[in-house]
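An overview of the molecular structure
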Amino acid sequence: MVRFRGLHIVAGIVAMGVAAALGMIMGLNNTAVFTSSCVVFVAVSLWVQSRVAKFGTRLQGLPQHLREGAALERATERPAERASEPAADRAAEQLPSGEGTAA
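Quick summary incoming for the structure in this document. Predicted, not measured: the structure shown is a model, and the values here were computed from it.

**Regarding the side chain of Ser-37**
Within the secondary structure, Ser-37 sits in helix α2 (residues 30-56). Classification of Ser-37 by relative accessible area gives buried; the value is 3%. Here Val-33 takes part through its backbone oxygen, which lies 2.7 Å from a polar atom of the side chain of Ser-37. Ignoring any residue separated from it by four or fewer positions in sequence, one finds Ser-37 in contact with Met-16, Ala-19 and Ala-20.

In structure tokens form, the structure reads like this:
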């Protein structure tokens, strides 16, 4: 099943239409209606995108507490793994392939 990822765009377009209708009812000129509609489109799109991103991570299969725990474990393992490697190995990794590995 493919998830629809354009919800924030659809919400922005709907809000833009509502703002345009309200602007015309209020008697604004065309420039003011267009400008206010564009501002509403951007504001609603960004707000909906942030809400979808915040709640979308909870819907991907794993419970939130397990996902956070795994991220914390990985974050704490990285420095320990890097500290156990000799400095020469880390320096050789940063060089382009073949350089600095003279035997």
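**Focus: a nonpolar patch on the surface**
A surface patch of nonpolar side chains, amounting to about 1000 Å² of accessible area, comprises Phe-4, Leu-7, Val-10, Val-14, Val-18, Leu-22, Ile-25, Met-26, Leu-28 and Val-52. Secondary-structure assignment places Ile-25 in helix α1 (residues 7-26). Using a relative accessible area of 71% as the deciding quantity, one classes Ile-25 as exposed.

How each quantity is defined
- Position numbers for residues count from 1 along each chain, tracking the sequence in the order it is written.
- pLDDT decides what is reported in this predicted model: residues at 70 or higher carry local features, side-chain atom pairs at 80 or more are listed and counted, and totals for whole chains, interfaces and linings draw on all residues regardless.
- Hydrogens are left out, water is left out, and the side-chain values use all remaining heavy atoms of the structure.
- Here a strand is any run of E in DSSP of at least two residues, a helix any run of H or I of at least four, and the numbering for each starts at the N terminus.
- Accessible area is worked out with a 1.4 Å probe on protein chains only. A residue is then buried under 20% of its type maximum, exposed over 50%, and partly exposed in between.
- Polar contact is the term for a pair of N or O atoms within 3.5 Å; when the atoms are in protein, one must be able to donate a hydrogen and the other to accept it, and sequence-neighboring residues count only if both atoms are side-chain atoms.
- Contact criterion: two residues are considered in contact whenever any of their non-hydrogen atoms come within 4.5 Å of each other.
- Each patch groups residues whose relative accessible area exceeds 30% and which form no salt bridge, using 9 Å between like charges and 5 Å between nonpolar side chains of Val, Leu, Ile, Met, Phe, Trp and Tyr.
- The method behind every accessible area is Shrake-Rupley, applied with a 1.4 Å probe, and residues are considered shielded solely by the protein chains displayed.
- Salt-bridge detection follows one rule: a side-chain nitrogen of Lys or Arg within 4 Å of a carboxyl oxygen of Asp or Glu.

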